[in-house]
Amino acid sequence: MDMRSFVRALPKAELHLHLEGALDPETMMRLARRNGVDIPFRSVEEIRAAYRFTELQDFLDIYYRGMDVLRTEEDFYDLATGYLERAAADGAVHVEVFFDPQGHTARGIPFAVAADGILAALADGRERLGVTSLLIMCVLRHLSEDDGFAAFREAGPYIADGRIAGLGLDSTERDNPPAKFERLFAAARGAGLRLVAHAGEEGPASYVAEAVDRLGVDRIDHGNRALEDPALVRRLAERGMTLTVCPLSNLRLCGVPDMRRHPLKRMLDAGLKATVNSDDPAYFGGYLLDNFVAVAEALELDGADLVALARNSIEGSFLDDAAKRAHLDRLAGAAAGRAEQVRP
Ligand code: ADE
Ligand code: ZN
């Protein structure tokens with residue numbers, strides 16, 4: 001059995017996906033025209049040619065500029081729907097998606113325009129595609145904690161009734177340590193949100209420890225640089241901390257020179273609950289299944305590794321225990337008798 005078909009058939013969750021990072025060049029052009037937004041590109045090819053970043057900040061500059069085409073609820077709905085269709089085609093049964101409200105409110109787009117458009121798409125995706133979902137709002141760490149609090153307050157009604165399920169931390173990691181947001185994360189925990197934070201993508205291993213110890217996160221997004229601290233790796237493994245790893249993104253931004261040197265297999269061997277995700281698929285050259293296949297081929301992962309990655313994604317999700325159990329039973333069924341036959 002070929003690996004792509006095997007992985008597609010495994011029930012799995014995507015846990016690290018920025019919706020604004022799923023804005024592909026075609027959609028960017030279409031929305032720019034639809035909304036009369038002036039973008040500095042004349043064609044899809046010109047947009048693609050601009051994706052030459054090798055550092056997080058270079059990427060973020062383009063990512064924030066690209067967002068400017070998102071103006072109406074319909075734009076956010078279309079963006080999220082396009083992503084969900086891709087995720088469903090890749091065999092995702094559940095997704096936990098990030099959005100960056102401050103990236104929109106700072107441009108004069110109300111919080112509710114972004115949130116309502118996305119939530120409508122998630123509801124339709126559940127009905128039409130059978131993909132369940134949760135929405136996580138991220139705060140931008142290059143801005144102040146007070147700015148993050150303002151976003152959190154605007155999200156109040158959405159948090160109160162569960163439409164927003166979690167708080168995340170993203171954007172420029174260097175010089176913006178997790179502890180900068182300690183009070184905000186404490187308030188979010190008090191409001192019942194689940195907590196995640198990017199750490200160890202470009203920042204040091206100590207930022208991963210800080211996200212765990214000072215912010216009390218339930219998952220670490222990326223976490224690659226934790227491997228530089230063996231004692232931290234043991235602690236993360238003992239706690240069963242999920243890492244949401246993004247192989248194709250890491251190739252561009254995390255200093256991984258070649259997929260054959262990606263740390264995913266080392267993470268699994270160290271007992272870390274690593275998962276595979278796409279981060280910003282429109283910018284990094286692949287959606288969920290592309291990420292699985294790229295890293296599995298390069299590292300010669302076997303069927304058991306692939307099943308473990310899918311299992312980690314279900315177990316590390318914020319689904320309730322009954323839903324996790326149901327997905328894990330289906331995963332066991334999908335893997336039974338086939339995992340041994342997967343051709344690397
Ligand atoms: N925002 C969108 N993608 C991101 C990434 N990979 N790291 C930090 N912030 C982001
Ligand atoms: Zn990310």
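To be clear, the structure that these remarks concern was listed above.
Worth saying up front: this structure is predicted, and the values here are computed from it rather than measured.

By definition of the ideal shapes, four donors in a tetrahedron about a metal sit 109.5 degrees apart, and six donors in an octahedron sit 90 or 180 degrees apart. Only His16 (NE2), His18 (NE2), His198 (NE2) and Asp279 (OD) from the protein reach the zinc ion (ligand 2) as donors, at distances of 2.1 to 2.2 Å. Every donor counted, the four donor atoms about the zinc ion (ligand 2) form angles of 84 to 174° at the centre, which fits irregular coordination. Mapped onto the sequence, the donors of the zinc ion (ligand 2) take the spacing H-x1-H-x179-H-x80-D. One end of the pair, His18, is in strand β1 (residues 12-18); the other, Asp279, is in the loop between β8 (273-276) and α15 (281-284), and 261 residues separate them in sequence. Accessibility classification places His18 together with Asp279 in one group, the buried group.

Residues in contact with ligand 1, as listed here, are His18, Leu56, Phe59, Leu60, Tyr63, Asp170, Ser171, His198, Glu201, His222, Asp279 and Asp280. Residue His18 places a side-chain N or O atom 3.3 Å away from a nitrogen atom belonging to ligand 1. At a separation of 2.8 Å, a nitrogen atom of ligand 1 approaches a polar backbone atom of Ser171. In isolation ligand 1 offers 260 Å² of accessible surface; the protein chains occlude 100% of this area. Here ligand 1 occupies the largest cavity. Take the shell around ligand 1: its biggest share by element is four residues, from helix α4 (residues 56-66).

So, about the packing of helix α2 (residues 25-35) against helix α5 (residues 73-89). Their axes nearest at 12 Å, the elements α2 and α5 cross at an angle of 165°. By the angle class used here, α2 and α5 are roughly antiparallel. At the point where α2 passes α5, the crossing takes the right-handed sense. Contacts between α2 and α5 involve Arg30, Leu31, Arg34 and Asn35 from the former and Glu74, Asp75 and Asp78 from the latter. Broken down by class, the residue content of the contact of α2 with α5 amounts to one nonpolar, one polar and five charged.

Right, let's talk about the side chain of Asp221 for a bit. As for its position among the elements, Asp221 is in strand β6 (residues 219-222). Here Asp221 occupies a buried position and makes no salt bridge, while the nearest side chain of opposite charge, Arg219, is found at 4.9 Å. With residues up to four places along the chain from it excluded, the contact list for Asp221 reads Leu15, His16, Phe98, Val196, Ala197, His198, Ala199 and Thr244.

Next up on the list: the nonpolar core. Core analysis: the largest hydrophobic core is formed by 118 residues, its most contacted members being Tyr83, Ile164, Tyr283 and Leu306. Residues contacting Tyr283, with those up to four places away along its chain left out, are Glu20, Gly21, Leu23, Met28, Tyr51, Phe53, Phe59, Ile62, Tyr63, Gly66 and Arg252. Among the nonpolar cores identified, the runner-up in size contains five residues, and Ile136, Cys138, Val196 and Phe318 belong to it.

This brings us to the environment of Leu169. Following the sequence through the fold, Leu169 ends up in strand β4 (residues 166-170). The sequence separation of Leu169 and His142 amounts to 27 residues, and the corresponding C-alpha distance is 9.9 Å. Residues in contact with Leu169, not counting those within four places in the same chain, are Cys138, Val139, Arg141, Pro178, Phe181, Phe185, Val196, Ala197, His198 and Leu215.

It is at 11 Å that the axes of helix α11 (residues 205-213) and helix α12 (residues 230-239) come closest, and there the two elements cross at 35°. With respect to the hand of their crossing, α11 and α12 are arranged in left-handed fashion. Contacts from Ala205, Val208, Ala209, Val212 and Asp213 in α11 reach Leu232, Arg235, Leu236 and Arg239 in α12. Considered class by class, the residues forming the contact of α11 with α12 number six nonpolar, no polar and three charged.

Moving on: the sheet that holds strand β5 (residues 194-199). Sheets are built from strands that pair by backbone hydrogen bonding, the pairs being arranged parallel or antiparallel. Taken together, the eight strands give an open sheet; going across it, the order is β1-β2-β3-β4-β5-β6-β7-β8, and neighbouring strands pair in parallel fashion. Edge strands, defined here as strands with exactly one partner in the open sheet, are β1 and β8. Here the strands of the sheet are splayed against their neighbours by 25° on average, with no regard to which way each runs. In terms of strand pairing, β6 meets strand β7 (residues 242-245) through three bridges, oriented parallel. When the bridges of β7 are listed, Arg219 appears paired with Thr242. Strands β1, β2 (92-99) and β8 of the sheet are contacted by helix α16 (residues 288-299), whose axis makes an angle of about 120° with β8.

This next bit is on the environment of Leu10. Structurally, the position occupied by Leu10 is in the loop between α1 (3-9) and β1. Residue classification places Leu10 among the buried positions, given a relative accessible area of 0%. For Leu10 and Asp90, which are 80 residues apart along the polypeptide, the C-alpha to C-alpha distance reads 9.3 Å. When neighbours within four sequence positions are excluded, Leu10 is seen to be in contact with Gly91, Leu306, Val307, Ala310, Leu331, Ala334 and Ala335.

The volume enclosed by the largest pocket comes to roughly 310 Å³. Lining the largest pocket are 17 residues, and of these Asn224, Arg225, Glu228, Cys254 and Gly255 sit closest to its centre. Taken together, the residues that form the lining of the largest pocket break down as seven nonpolar, two polar and eight charged. Within this model, the second largest pocket holds a volume of roughly 210 Å³. Together, 18 residues line the second largest pocket, and Ala22, Asp24, Arg86, Ala282 and Tyr287 are the ones closest to its centre.

Analysis parameters
- Residues numbered from 1 in each chain as written.
- Chains lettered and ligands numbered in written order.
- Predicted model: local features only at pLDDT ≥ 70, side-chain atom pairs only at ≥ 80, totals over all residues.
- Heavy atoms only, no water.
- Donors = N, O, S within 2.8 Å, 3.2 Å for Na, K, Ca; no water.
- Tetrahedral: all angles 85-135°; square planar, octahedral: opposite > 155°, others 65-115°.
- Helix = DSSP H or I, 4+ residues; strand = E, 2+ residues; numbered from the N terminus.
- Buried < 20%, exposed > 50% of the residue type's maximum accessible area, 1.4 Å probe, protein only.
- Near = heavy atom within 4 Å.
- Polar contact = N/O pair within 3.5 Å; in protein donor to acceptor, adjacent residues only side chain to side chain.
- Areas by Shrake-Rupley, 256 points an atom, 1.4 Å probe, with all protein chains shown as cover.
- 1 Å grid on protein atoms, 1.4 Å probe; cavity = no way out; pocket = protein on both sides within 12 Å on 5 of 7 lines; lining within 4 Å.
- Sits in = over half its atoms within 2 Å of the grid points.
- Axes fitted to C-alpha atoms, helices over the stretch in contact; angles between N-to-C directions.
- Parallel < 35°, antiparallel > 145°, perpendicular 65-115°, else oblique.
- Left-handed = near helix turned anticlockwise from the far one by under 90°.
- Contact = heavy atoms within 4.5 Å.
- Nonpolar A, V, L, I, M, F, W, Y, C, P; charged D, E, K, R; others polar.
- Lys, Arg positive; Asp, Glu negative; His and termini not counted.
- Salt bridge = Lys/Arg side-chain N within 4 Å of Asp/Glu carboxyl O.
- Core = buried A, V, L, I, M, F, W, Y, C linked by side-chain atoms within 4.5 Å.
- Pairing = 2+ DSSP bridges.
- Points joined across faces, edges and corners; volume = space filled by probe spheres on them.

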